[in-house]
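Breakdown of the fold
Here are the chains, one letter per residue:
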Amino acid sequence: MKRPAKKPAADRSFVVALSRGLDVLRAFHPNDGLLGNQELAARTKLPKPTVSRLTYTLTKLGYLTPVPRFEKYQLAPSAMALGYAALANLGVRHLSEAFREEVMRETGGAVAVGARDRLSMIYFGQSRNGLTLGVQLDVGSRIPIATTAMGRAYIWALPPEDRAALLRELREHYGSRWPKMRDGIERSGEMVARRGFAISAGEWQDDVHAVGVALKLNDGTGPYAFNCGAPAFRFTEDRLVNDIGPRMVAMVRNIETALGGVVATAKKDESKKARGGRTRVVEGIR
């Protein structure tokens, strides 16, 4: 989900045409419906003639469905099949579901898991119980890395070199807005070091407060990050720090263990897991 480490112009193995075609597919967001060549050109920053050729090709390949009446396109089943195949291969999404739902019930917040998508985090699993936030989020939704609890937790889970590279990208992207965002990220780093979680209290959406915790695995994938958010009046800053944050840390540490991550799973628990039980290594807060 990350951009290639090398710039395309300097990487002779990089296929620019393929990259542009994928950018067109990525331009479709949840609940978008139909998009025309002009809208796709604006979102991808590609020339409209280039977009027209790409949408023609993607239509021929079965990844876009044309709607001639409106001169627009929608994602075709072949494109959606790629996404569902990716979701099916993400063991963390399936294994974490029971843990996420438990925290959702205990806190009344929406609990999600996501991964990096360029300068955003994209949700690939969510547990919520009729909770209404200021913004509608679901699987496939993107949220910014720089100002959200999930994104900040992800930043501080990266190796130093990768984190520095991402921060440079964010600085270039946000320009004059970057200093304020950088301060929030630095404060989050201090909190992650002390408490294991990051918070965002109205820094992304005024009325949304959330906690984020990173998930590290030893198989070379990730890191991923979880969040638990709710309207600000339900999750005060004091509750974020003293209640929601510790719960989320406990949840993620147990998920790491169940996935065979950074905490070793004891062999004596194997039979329990086979019967459908869940290993409890870090006790949650009652």
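A few words on the overall build of the protein chain. Along the backbone of the protein chain there are 11 helices and eight strands. Out of the 286 residues belonging to the protein chain, those deemed buried represent 44%. Looking at the protein chain alone, contacts between residues at least 24 apart form 58% of all its contacts between residues at least 6 apart. Carbon and sulfur atoms form 52% of the exposed surface of the protein chain, whose accessible area is close to 15500 Å².

So, about the packing of helix 8 (residues 160-174) against helix 9 (residues 178-195). At their nearest, the axes of helix 8 and helix 9 sit 9 Å apart, and the two run at 150 degrees to each other. Across the interface between the two elements, Leu167, Leu170, Arg171 and Tyr174 of helix 8 pack against Trp178, Met181 and Ile185 of helix 9. Class assignment of the residues belonging to the contact of helix 8 with helix 9 gives a composition of six nonpolar, no polar and one charged.

Quick look at the packing of aromatic side chains now. As enumerated under the stated definition, the model contains one aromatic pair in all. Ring centres 5.6 Å apart and planes at 75 degrees place the aromatic pair Phe124 and Tyr224 in the edge-to-face group. Note that Phe124 is positioned in strand 4 (residues 120-127) and Tyr224 in strand 8 (residues 224-231), a separation of 100 residues in sequence. Of the two residues, Phe124 and Tyr224, both sit in the buried class.

Moving on, we come to the environment of Val249. By the element assignment, Val249 lies in helix 10 (residues 237-258). If sequence neighbours within four positions are ignored, Val249 has contacts with Arg195, Gly196, Phe197 and Val213.

The subject of this paragraph is the nonpolar core. Judged by nonpolar contacts, the single largest core of 31 residues is most densely connected at Phe124, Val211, Leu215, Tyr224, Phe226, Met248 and Met251. Of all elements in the fold, only helix 6 (97-107), strand 3 (110-117), strand 7 (208-215), strand 8 and helix 10 reach the threshold of two or more residues within this core. No other element matches the nine residues that helix 10 contributes to this core. Among the nonpolar cores identified, the runner-up in size contains 19 residues, and Tyr123, Met150, Ile155 and Ile185 belong to it.

Calculation notes
- Residues numbered from 1 in each chain as written.
- Predicted model: local features only at pLDDT ≥ 70, side-chain atom pairs only at ≥ 80, totals over all residues.
- Heavy atoms only, no water.
- Helix = DSSP H or I, 4+ residues; strand = E, 2+ residues; numbered from the N terminus.
- Buried < 20%, exposed > 50% of the residue type's maximum accessible area, 1.4 Å probe, protein only.
- Contact = heavy atoms within 4.5 Å.
- Areas by Shrake-Rupley, 256 points an atom, 1.4 Å probe, with all protein chains shown as cover.
- Axes fitted to C-alpha atoms, helices over the stretch in contact; angles between N-to-C directions.
- Nonpolar A, V, L, I, M, F, W, Y, C, P; charged D, E, K, R; others polar.
- Phe/Tyr/Trp six-rings, centres within 6.5 Å; stacked < 30°, edge-to-face > 60°.
- Core = buried A, V, L, I, M, F, W, Y, C linked by side-chain atoms within 4.5 Å.

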